Amino acid sequence: MKERSPIFYDAERVRWRRTRRVLEAIAILLTVSLTYFFVTVAVSVDLPNGLLPEIKPGFHPLKLKTTPKLLPVREGRRRRVANIGTVPASYDPLRAAFFVSWDPNSMASLKAHYKDIDLLIPEQLHSVTADGAITIVDYENGQNVSKATPDQALAILKEDKLHQWMKSVNVEMPMMGLVNNYDGVNWRIKEMAEMLASASARHNLARDLVEYATKSRESGIVVDFEEVPDASQQHYRKFIAELSAGLHGAGSKLMVALPARDDAYDYGFFGKQCDAILLMNYDQHWLTSPPGPIAAQDWYVENLRQVLEVVPAQKIISAVGNYAYDWSLAPKKKAEFEIGRAHV
């Protein structure tokens, strides 16, 4: 019987040659495809936006509650406040600014210029009763007037717009709280005179002001008693002397706001008792006087010349009036304007 060869045996290797050609062609095609793929990845061809699917990331940045950074301010402000009443080694004038909570323009101005001032003098405290108690006028809640201990005054004022803004933006600024005889509507001249005439009332007010300045960690107190009668001047000097001793004993400053060129006030005495006199060098003309400049240059300079004869220059802070009157409106309408409206 004849031996049969395997069915798929290819003695001539014809099928292998064909198979090898097919495999070589596939290898070449695969190599070209892979080469093209890697080249396109390296080049990073951007697809049109219309061809890209819209993908919303599932991850979001973690929001952490952080303390605001301390904003940059005028350098050396605490040094200038500490040097009030002394002669600095070089010319280094103090820049101080008043603040009132009843005028929104005051807050706007402070926000715009706080970096340029050394000392803020906010109207915080009032003395409008004959017993010498500290009074707080809450301008933000119906202009309520209430007596307060130093601790109560601190608790109330800590929540006002000024302190809340300073806290929100992390502003640190030397302050000296201002005390006056204004109740939010009227200047209480009669009650002020009665308080000054009483030794116990003067003592009560001086003691509470020292305690307030110490606990508030402010630089001191500014006294702005308006229209002190001639008959009360002696009592006023006694009050300032007692307050000066108390504040200086606690390491705090005392400034007194005085009108310019008023012979009823003993400028020399106040210059010795206080760290500085805030000379209110304005109101040459006022709302009920004949029209004229608020502070003409020659009048302004003459006031400084006269006060410098009895008070050292380092103890004078000359205030500038930043407002205007319209005598044509008085007395029928409100005729006093802040400087912004006066320019319109």
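For clarity, every value in this text was computed on a predicted model and none was experimentally measured.

## Digging into the layout of surface pockets
- There is about 490 Å³ of room inside the second largest pocket.
- Together, 20 residues line the second largest pocket, and H163, M166, M175, S216 and E218 are the ones closest to its centre.
- A per-element tally of the lining of the second largest pocket places helix 5 (residues 161-168) first, with 4 residues.
- Its residues assigned to classes, the lining of the second largest pocket comprises 9 nonpolar, 4 polar and 7 charged.

## A short note on helix 10 (residues 297-307)
- Of the positions making up helix 10, those classed as buried are W299, Y300, N303 and V307. For helix 10, the angular spread of the buried residues around the axis is 100 degrees, confining them to a single face. Away from its buried face, by an angle of more than 90 degrees, helix 10 presents the exposed residues Q297 and D298.
- Residues of helix 10 that are buried sit in contact with helix 9 (267-273), strand 8 (276-280) and strand 9 (316-319).

## A closer look at the packing of helix 3 (residues 104-113) against helix 5
- The N-to-C vectors of helix 3 and helix 5 enclose an angle of 25 degrees; their axes lie 12 Å apart at closest approach. On the basis of the axis angle, helix 3 is roughly parallel to helix 5. When the axes of helix 3 and helix 5 are compared, the crossing they make is right-handed. Residue-level contacts link M107, L110 and K111 of helix 3 to K161, L162 and W165 of helix 5.

## Some words on the nonpolar core
- The biggest cluster of nonpolar side chains holds 40 residues, and the ones touching the most others in it are L125, V223, F225, Y236 and F239.
- If one sorts the elements of this core by residue count, helix 7 (residues 199-216) sits on top with 7 residues.
- Setting aside residues no more than four positions away along its own chain, V223 makes contact with V179, Y236, F239, I240, L243, L254, M255, V256 and A257.
- The next biggest cluster of nonpolar side chains, apart from the first, holds 14 residues, and it includes L119, M176, V222 and A257.

About the cut-offs
Residues numbered from 1 in each chain as written. Predicted model: local features only at pLDDT ≥ 70, side-chain atom pairs only at ≥ 80, totals over all residues. Heavy atoms only, no water. 1 Å grid on protein atoms, 1.4 Å probe; cavity = no way out; pocket = protein on both sides within 12 Å on 5 of 7 lines; lining within 4 Å. Points joined across faces, edges and corners; volume = space filled by probe spheres on them. Helix = DSSP H or I, 4+ residues; strand = E, 2+ residues; numbered from the N terminus. Nonpolar A, V, L, I, M, F, W, Y, C, P; charged D, E, K, R; others polar. Buried < 20%, exposed > 50% of the residue type's maximum accessible area, 1.4 Å probe, protein only. Arc of directions from axis to C-beta. Contact = heavy atoms within 4.5 Å. Axes fitted to C-alpha atoms, helices over the stretch in contact; angles between N-to-C directions. Parallel < 35°, antiparallel > 145°, perpendicular 65-115°, else oblique. Left-handed = near helix turned anticlockwise from the far one by under 90°. Core = buried A, V, L, I, M, F, W, Y, C linked by side-chain atoms within 4.5 Å.

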